[in-house]
Amino acid sequence: MTAAIAVDFDAALGDTEPLWRAWLEDARRRYRVELDDDPDEAALDEAIGNWRPLLERFAEDHARVYLRPDPVANAQLRLLAASGARVGAFTDAPEPLARVAAAHLGVASRLEALEAGPGALERLLATLGPDAELVQSLDAV
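Definitions and cut-offs
Residues numbered from 1 in each chain as written. Predicted model: local features only at pLDDT ≥ 70, side-chain atom pairs only at ≥ 80, totals over all residues. Heavy atoms only, no water. Buried < 20%, exposed > 50% of the residue type's maximum accessible area, 1.4 Å probe, protein only. Helix = DSSP H or I, 4+ residues; strand = E, 2+ residues; numbered from the N terminus. Pairing = 2+ DSSP bridges. Right-handed = clockwise from strand over helix to strand, strands pointing away. Salt bridge = Lys/Arg side-chain N within 4 Å of Asp/Glu carboxyl O. Core = buried A, V, L, I, M, F, W, Y, C linked by side-chain atoms within 4.5 Å. Contact = heavy atoms within 4.5 Å. Axes fitted to C-alpha atoms, helices over the stretch in contact; angles between N-to-C directions. Phe/Tyr/Trp six-rings, centres within 6.5 Å; stacked < 30°, edge-to-face > 60°.

Peer 1: How would you summarise the pairing of strand S2 (residues 86-91) if you had to cite specific residues and measurements?
Peer 2: The buried fraction of S2 is high, at 5 of 6 residues. Examined bridge by bridge, strand S1 (residues 4-8) and S2 share 5 bridges and lie parallel to one another. By the bridge assignment, aspartate 8 is partnered in S2 with phenylalanine 90. Across 4 bridges, the pairing between S2 and strand S3 (residues 113-116) is parallel. Counted as the bridge partner of threonine 91 is alanine 116 from S3. Chirality of the crossover, the property in question, places the unit of S2, helix H6 (residues 95-105) and S3 among those that are right-handed.

This is how it looks when you write it as structure tokens:
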């Protein structure tokens, strides 16, 4: 058994991309701002100063439409935790969305760490250690 596992959140637990795209579309319309298809945090800060709580609220309201809990993935996470493995997940999604997605999918309490946004994998590996096994499917663990 690997002592540490870095899980690709979007590939193994739930794809956050459709929810992120829906929020961007809603934000453009609702706040009448122009945003790139994949804006960075600085662009969001400039266009919508309080975008983090707005994204979090949107994600809470719409997660059930875009994300479905996977009982097999949740069972695998329970087994990994029971075996003593350190499990973390990473995603390119912004932190408020990632946190809501993890809670909605029922995996937040099974993760030692959740890193989000640019550089998430590198930060997670710094937490779990460079020897952490990178997985894109919990079936492979």
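Peer 1: Tell me about the pattern of salt bridges, residues and numbers included.
Peer 2: What the rule picks out here adds up to 10 salt bridges. Note that arginine 30 and aspartate 26 form a salt bridge whose closest N and O atoms lie 3.0 Å from each other. Of the two residues, arginine 30 and aspartate 26 both sit in helix H2 (residues 17-31), 4 residues apart, roughly one turn of that helix. The class of aspartate 26 is buried, set by a relative accessible area of 8%. Here glutamate 95 makes a salt bridge to arginine 99, at a shortest N to O gap of 2.6 Å. Remark: arginine 99 and glutamate 95 occur in helix H6; sequence separation between them is 4 residues, near one turn of the helix.

Peer 1: How would you summarise the nonpolar core if you had to cite specific residues and measurements?
Peer 2: Val7, Phe9, Leu13, Trp23, Ile48, Val107 and Leu138 are the most contacted members of the largest nonpolar core, which has 38 residues in total. Those elements that place two or more of their residues in this core are S1, helix H1 (9-12), H2, helix H4 (51-66), helix H5 (71-82), S2 and H6. With residues near it in sequence (within four places) discarded, leucine 13 still touches Val7, Asp8, Ala73, Leu77, Ala89, Leu105, Val107 and Leu138. Of all hydrophobic cores here, the second largest spans 8 residues; its members include Ala4, Ala6, Ala120 and Ala132.

Peer 1: Give me the lowdown on the side chain of asparagine 74, citing residues and values where you can.
Peer 2: The residue asparagine 74 is located in helix H5 in this model. Judged by its relative accessible area of 14%, asparagine 74 is buried.

Peer 1: I'd love a proper account of the environment of histidine 104, names of residues and values included.
Peer 2: Within the secondary structure, histidine 104 is located in helix H6. Sequence separation of histidine 104 and leucine 67 is 37 residues, and the distance between their C-alpha atoms is 7.8 Å.

Peer 1: With reference to specific residues and values, describe the sheet that holds S1.
Peer 2: Taken in spatial order, the 4 strands make up an open sheet running S3-S2-S1-S4, and their pairing is parallel. The sheet is open, and its two borders are formed by S3 and strand S4 (133-135), each paired with just one other strand. Neighbour to neighbour, the strand axes of the sheet diverge by 20 degrees on average, direction disregarded. The strands that helix H7 (residues 120-128) touches are S1, S2, S3 and S4; relative to S2, the one it contacts most, it runs at about 165 degrees.

Peer 1: Describe the packing of aromatic side chains, listing the residues and the values that go with them.
Peer 2: Tallied over the entire structure, the rule returns 2 aromatic pairs. Taking 5.7 Å as the distance between ring centres and 20 degrees as the angle between the ring planes, the aromatic pair formed by tryptophan 20 and tryptophan 23 counts as stacked. Separated by 3 residues within a single helix, tryptophan 20 and tryptophan 23 lie in helix H2, roughly one turn from each other. Across the pair, exposure class does not vary: tryptophan 20 and tryptophan 23 are buried alike.

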